[in-house]
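# Structure assessment
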Amino acid sequence: MTFNEEVELLVRSGHPGLVVKSHEERRCLLALEAVAKRLKWSLWSWSATTGWTSNGKVIPAGGSSEALVELRKLPDESICVLRDFHSYIDSAFTVRLLRDILTELRTRTRILDAPTEGFNRVIVFLSPALHIPLDLEKDLSEVAFPLPDRGALHEALDTVVQSSKVKVTIDSESAMIESCLGLTQVEAENSYSLAHLAFKGKFGPGAVALIQKQKAAVIRKSGLLEYFPPEGSLDDVGGCELLLDWLLDIGKVMGRYEEALVYGFRVEDVARGVLLIGCPGTGKSLISRRMAASWGWPLYGLNVGKLTGSLHGETEAKTSRALELAEAGAPGILRIDEGDKQFAGLNSSGQTDSGVTSRQIGSIVTWFEEHRAQLFVCMTANRPWAIPAELFNRFEDCFHVDLPNLVERVDILTILLRQRKQTPESFALDDLAKATHEYNGRELRKIVRAGMRASFLRKEPLSMDALLLAAEQIKPIGQIMRKEVDEIRKWCSERHVRSASADLSNGSSAGRRLM
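These numbers were taken from a predicted model, which means no experiment stands behind them.

Definitions and limits used
- Residues numbered from 1 in each chain as written.
- Predicted model: local features only at pLDDT ≥ 70, side-chain atom pairs only at ≥ 80, totals over all residues.
- Heavy atoms only, no water.
- Salt bridge = Lys/Arg side-chain N within 4 Å of Asp/Glu carboxyl O.
- Helix = DSSP H or I, 4+ residues; strand = E, 2+ residues; numbered from the N terminus.
- Patch = residues over 30% accessible without salt bridge, like charges linked within 9 Å, V, L, I, M, F, W, Y side chains within 5 Å.
- Areas by Shrake-Rupley, 256 points an atom, 1.4 Å probe, with all protein chains shown as cover.
- Lys, Arg positive; Asp, Glu negative; His and termini not counted.
- Charge placed at Lys NZ, Arg CZ, Asp CG, Glu CD.
- Core = buried A, V, L, I, M, F, W, Y, C linked by side-chain atoms within 4.5 Å.
- Buried < 20%, exposed > 50% of the residue type's maximum accessible area, 1.4 Å probe, protein only.
- Contact = heavy atoms within 4.5 Å.
- Expected span 1.5 Å × (residues − 1).
- Pairing = 2+ DSSP bridges.
- Axes fitted to C-alpha atoms, helices over the stretch in contact; angles between N-to-C directions.
- Left-handed = near helix turned anticlockwise from the far one by under 90°.
- Phe/Tyr/Trp six-rings, centres within 6.5 Å; stacked < 30°, edge-to-face > 60°.

## Points about the pattern of salt bridges
Scanning all chains against the criterion turns up 26 salt bridges. Measuring nitrogen to oxygen at the nearest pair gives 2.7 Å for the salt bridge that ties Arg498 to Asp397. Here Asp397 lies in strand β15 (residues 397-400) and Arg498 lies in strand β16 (residues 498-499), a separation of 101 residues in the sequence.

Below you can see the structure in the form of structure tokens.
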């Protein structure tokens, strides 16, 4: 059901008050105007600076009380929009006056089959944020106003192109539109205009990269999600052969999404999620970033702690908006880093925060099961036993990302050296891999950095001696966290969690197939 259809249905059924939380005032007013025209009603809009206005008519009413008094005098069959009324709704007098008006509207409204007879007025509260007082909760119905879809973003791009005074060439139209998913229409128009000026009307890969950078800034500003533009590829990941092969297969299905639906897949079959389990530094977060780049999708980060609010219902509302923003940015990957820590307060939630954490996790679990967006969830965890069971079972698959074995350490060192303009074949990497037993990928990177730094300061080429000396100065996590590493391995073994790495005991190759 679209926004317009839902509003019309609520109006027809006699709901006296609606709440629409959105930053997109202009687009929302246009949608409400379309509903009013379909019902053959009038649309009246109020703000503190303009009073009540409708089709050129103006009724001065600057204050909140004055606005409500004048609302009672507006013509019947009117949609009355109160813009930014959240600044006034905390007043006890205003709340009481609103309850009186809503009661009057409810008692006067009749439900008829004929859409233009017997109706009175409907109040719509339009605001970026509106905390509904307890007194009004049962009198108002909230309607979600979605962010622009691909069609609306295409229109925004057309608007920028048509207003241009120079010839515009678009080499990556679909990429331009995909890059703005999750933005408001104004934000999208601003991004298109910036790219237009920066590249003089040539919308190509550079323009797409600039828009992605703007999108990252916008999403960070919202404080609801983090945004990571596509970067690198799965070739940057050493080892984890089985996991990477699995991700390549999933990526192929994602890339043929429409074809998969025609084949017979249901929407929920195509995009679900994966849980990556392992001790710190084994590359779980790196895999999620490179997976997004390999699929050509944006990566969104969900930090549950940042969604906590001090007001009643604020945490749940921010969580809902964050998930809505992620859905609007689909196709994409939603990463929940260190989920075991983010959801650690579930068991004590009833005693410590009046059940807020419990409700928040419940809403995420419900969303995970019911959402139909092309959104793939990637959660990482160091202590899998701390993840709520109801969330654990929602993932498509789980993988244990263990400390790299001998062959994988050679693979990782090769990648690290090549990324730093070194020639891996010039080093005895088998010897270095044997000397770094129980080291994780992050520690191997530290070894290469430390060896290069020491060699650079001595004005010498990087040598095996420098790398081996750096390795001796780092105590591996496999020794520091021996108990935790064993506990993770035991937990995964008992629950038959799949290993991310191939079993090399039978001589199988650690090399992975390519797409």
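## Some details on a positive patch on the surface
A grouping of Arg289, Arg442, Arg445, Lys446, Arg449 and Arg453 is seen on the molecular surface, where their side chains present a positively charged patch. Here the positive patch takes five residues from helix α20 (residues 441-457), the largest share from any one element. Note on placement: Lys446 falls in helix α20.

## Concerning the nonpolar core
Among the nonpolar cores identified, the biggest contains 42 residues, and Leu225, Leu275, Leu302 and Leu334 are the most heavily contacted of them. Of all the secondary structure elements, the ones that give two or more residues to this core are α8 (205-222), β11 (273-277), α13 (314-328), β13 (332-336), α16 (356-370), β14 (375-381), α17 (389-392) and α23 (482-494). If one sorts the elements of this core by residue count, α16 sits on top with five residues. Ignoring sequence-local partners within four residues, the contact set of Leu275 consists of Met379, Ala381, Ile387, Phe392, Phe395, Asp397, Cys398 and Phe399. Among the nonpolar cores identified, the runner-up in size contains 27 residues, and Leu234, Leu248, Leu276 and Val401 belong to it.

## Considerations on α13
Taking 1.5 Å per residue as the helical rise, α13 with its 15 residues ought to reach 21 Å, and the 21 Å between its terminal C-alpha atoms agrees with that figure. Considered for burial, the residues of α13 that qualify are Thr315, Lys318, Thr319, Ala322, Leu323, Leu325, Ala326 and Ala328. Next to the buried residues of α13 lie α8, β12 (299-301), β13, α16 and β14.

## A word on the side chain of Ser47
Relative to the assigned elements, Ser47 resides in strand β2 (residues 42-47). Since its relative accessible area comes to 10%, Ser47 is described here as buried. If near-sequence neighbours (up to four positions away) are discounted, Ser47 is found in contact with Ala61 and Arg83.

## So, α8
The terminal C-alpha atoms of α8 lie 26 Å apart, and with 18 residues this matches the ideal 26 Å at 1.5 Å per residue to within 8%. Considered for burial, the residues of α8 that qualify are Ala207, Val208, Ile211, Gln212, Lys215, Ala216, Val218 and Ile219. Contacts from the buried residues of α8 go to α6 (173-179), α7 (185-198), β9 (202-203), β10 (226-228), β12 and α13. Of the residues trailing α8, Gly223 is marked for its positive phi of about 75°.

## Considerations on the sheet that holds β2
Spatial strand order, β4-β3-β2-β5-β6-β1-β7: seven strands in an open sheet with mixed pairing. Edge positions in the sheet fall to β4 (57-59) and β7 (141-142), since each has one partner strand and no second. The sheet contact formed by strand β1 (residues 17-21) and β7 spans two bridges and is parallel. Bridging across to β7, Val19 finds its partner in Glu142. Helix-sheet contacts for helix α3 (residues 64-71) involve β2, β3 (51-54), β4, β5 (78-83) and β6 (121-127), and the interaxial angle to β3 is about 40°.

## Quick notes on the packing of helix α9 (residues 241-255) against helix α12 (residues 284-295)
Between α9 and α12, the least distance of the axes is 10 Å, while the angle of their chain directions is 35°. Here α9 runs over α12; the crossing is right-handed. Contacts between α9 and α12 pair Leu243, Leu247, Leu248, Ile250, Gly251 and Met254 from the former with Ile287, Met291, Ser294 and Trp295 from the latter.

## Considerations on the packing of aromatic side chains
A complete count under the given rule lists 14 aromatic pairs for this structure. Each ring, one from Tyr227 and one from Tyr300, has its centre 5.7 Å from the other, and the planes form 45°; the classification is tilted. Taken together, the residues span a long stretch of sequence, with Tyr227 in strand β10 and Tyr300 in strand β12 at a distance of 73 residues. Judged on exposure class, the residue Tyr227 and its partner Tyr300 are both buried. Residues Tyr263 and Phe265 carry aromatic rings whose centres are separated by 6.0 Å and whose planes lie at 35° to one another, so their mutual orientation is tilted. Given the relative accessible area of 70%, Tyr263 is considered exposed.

## Brief notes about unusual backbone geometry
The phi torsion at Lys200 lies on the positive side, around 55°, for a residue other than glycine. Topologically, Lys200 is positioned in the loop between α7 and β9. Classification of Lys200 by relative accessible area gives exposed; the value is 68%. In this structure, Glu338 takes a positive phi of about 50° despite not being glycine. As for its position among the elements, Glu338 is in the loop between β13 and α14 (339-342).

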